[in-house]
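# Tertiary structure, described
Below are the chains, spelled out letter by letter.
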Amino acid sequence: MAILTALVGFFALSGITHAAADALKALRAGGHVALMRHADAPGGFGDPPGFRIDDCATQRNLSAKGRADASRIGARLKSEGIAFERIASSPWCRCVDTATLLNLGPVETEATFGNVVVLSDQREGLTAGARALIGKWTGRGNLLVVTHGANIQALTGIQPASGEIVVVAGGSGRADPVGRLILD
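Given the structure is predicted, the values throughout are model-derived calculations rather than measurements. Position numbers for residues count from 1 along each chain, tracking the sequence in the order it is written. Local features in this predicted model are restricted to residues whose pLDDT is 70 or higher, and side-chain atom pairs enter the listing and the counts only when it is 80 or higher, whereas totals over whole chains, interfaces and linings include all residues. Excluding hydrogens and water, the side-chain figures rest on all heavy atoms present in the structure.

## Brief notes about the nonpolar core
In plain terms, the rule: Residues belong to one nonpolar core when they are buried, are Ala, Val, Leu, Ile, Met, Phe, Trp, Tyr or Cys, and are joined through side-chain atoms within 4.5 Å. Partly exposed describes any residue whose relative accessible area lies between the buried limit of under 20% and the exposed limit of over 50%, with all areas from a 1.4 Å probe on protein chains only and scaled to the type maximum. Each helix is a run of DSSP H or I of at least 4 residues and each strand a run of E of at least 2, with the numbering of both proceeding from the N terminus. Note on definitions: a residue-residue contact is assigned when non-hydrogen atoms from the two residues lie within 4.5 Å.
Residues Leu77, Phe84, Leu144, Ile165 and Leu181 are the most contacted members of the largest nonpolar core, which totals 22 residues. Within the residue set of this core, elements represented by two or more residues are helix H2 (18–29), strand E1 (32–37), helix H3 (64–79), helix H4 (93–101), strand E4 (143–147) and strand E5 (165–169). Broken down by element, the residue count for this core peaks at 5 residues, all from H2. Apart from the residues within four sequence positions on either side, Leu77 is in contact with Ile82, Phe84, Leu104, Ile165, Leu181 and Leu183. Of all hydrophobic cores here, the second largest spans 16 residues; its members include Phe113, Leu133, Val145 and Val166.

## What about the packing of helix H5 (residues 123–136) against helix H6 (residues 149–156)?
Selection criterion: Helix axes use the C-alpha atoms of the stretch in contact, all axes being lines fitted to C-alpha atoms, and the angles between their N-to-C directions lie in the range 0 to 180 degrees. These descriptions rest on fixed angle ranges, namely under 35 degrees for roughly parallel, over 145 for roughly antiparallel, 65 to 115 for roughly perpendicular, and the rest for oblique. The handedness criterion is simple: a crossing whose near helix is rotated anticlockwise from the far helix by less than a right angle is left-handed, and one whose near helix is rotated clockwise is right-handed. The nonpolar class holds Ala, Val, Leu, Ile, Met, Phe, Trp, Tyr, Cys and Pro. Asp, Glu, Lys and Arg form the charged class, and all remaining residues, Gly among them, are polar.
Across the interface, H5 lies against H6 with an axial gap of 10 Å and an inter-helix angle of 70 degrees. Classed by the angle they form, the pair H5 and H6 counts as roughly perpendicular. Both H5 and H6 take part in a crossing whose hand is right-handed. Here Arg123, Thr127, Ala130, Arg131 and Ile134 of H5 lie close against H6, whose contacting residues are Ala150, Ala154 and Leu155. A per-class count over the contact of H5 with H6 returns 5 nonpolar, 1 polar and 2 charged.

## Notes on the sheet that holds strand E2 (residues 86–89)
To be explicit about the condition: Strand pairing is defined by DSSP finding a minimum of two bridges between the two strands.
Read across the open sheet, the 6 strands follow the order E3-E2-E4-E1-E5-E6; overall the sheet is mixed. Each edge of the open sheet is held by one strand with a lone partner, namely strand E3 (107–109) and strand E6 (177–181). Each adjacent strand pair in this sheet contributes to an overall mean axis angle of 25 degrees, direction not counted. Inspection of the sheet shows E2 paired to E4 by 4 bridges, in the parallel sense. Bridging from a neighbouring strand, Ile87 pairs with Leu144 of E4.

## Remarks on the state of the cysteines
Spelled out, the test is: The term disulfide is used for any two cysteine sulfur atoms that are within 2.5 Å.
Tallied over the full model, the rule gives 1 disulfide. Across a sulfur-sulfur distance of 1.9 Å, Cys56 and Cys93 are joined as a disulfide pair. What sets the handedness of the Cys56 and Cys93 disulfide is the S-S torsion sign, and at about -80 degrees it is left-handed. With a gap of 37 residues between them, Cys56 in the loop between E1 and H3 and Cys93 in helix H4 connect regions that are remote in the sequence.

## Notes on the side chain of Asn115
The criterion, for reference: Pairs of N or O atoms within 3.5 Å make up the polar contacts considered here, provided that, within protein, one atom can donate a hydrogen while the other can accept it, and that residues adjacent in sequence are counted only when both atoms are side-chain atoms.
Looking at the secondary structure, you find Asn115 in the loop between E3 and H5. Reaching out from Asn115, the side chain makes a polar contact with the backbone nitrogen of Val117 at a distance of 2.8 Å. For Asn115, the contacting residues outside a window of four places in its chain are Gly46, Asp47, Ser90, Trp92, Arg94, His148 and Asn151.

## Here's the deal with the pattern of salt bridges
Stated formally: A carboxyl oxygen of Asp or Glu within 4 Å of a side-chain nitrogen of Lys or Arg is what we treat as a salt bridge.
Tallying each qualifying case throughout the model produces 12 salt bridges. A salt bridge links Lys65 to Asp69, with the shortest nitrogen-to-oxygen separation between them at 2.6 Å. Of this pair, Lys65 and Asp69 are both found in helix H3, 4 residues apart, which corresponds to roughly one turn of the helix. Taking the relative accessible area as the measure of exposure, Asp69 reaches 15% and is therefore buried. Where salt bridges share partners, they join Arg28, Arg76 and Glu80 into one cluster.

Shown next, in the form of structure tokens:
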């Protein structure tokens, strides 16, 4: 009982919740998918009218806080010993920029993680494609996906905060959450 009390106290003092401890443990073990909502990008949901996916100037973009948060989150993941075999991103600039600023490895865009709010007529197909990609992830390492909050909610039922990571097991298209991380 004394050990349990000490561990609870340690996690409380270190800012690590039970869900975060589970997420870190899973990522250290490998074979998981980390679904990260892009860092802070002010302006609500979606994008301004007339936005173009190939022109970042027409989209909602990361704030200075969002850029700093992304760099800080990447450094924290490294300090926790978390590595990723592959990093995928929604093609939206705020997601690509978040993934790049994490500084954890090369970033590949993946259309199936495109914004389901903006592409509402494609929501079911995008979500099915994302589930299939998660279901195929059977690598020993981890997959990091930087996408949008609505996409993560469609997959897991969780509406994450900006920069929050929801960890799910790879090899299953169900995307059941293993844990959640908010790293500052």
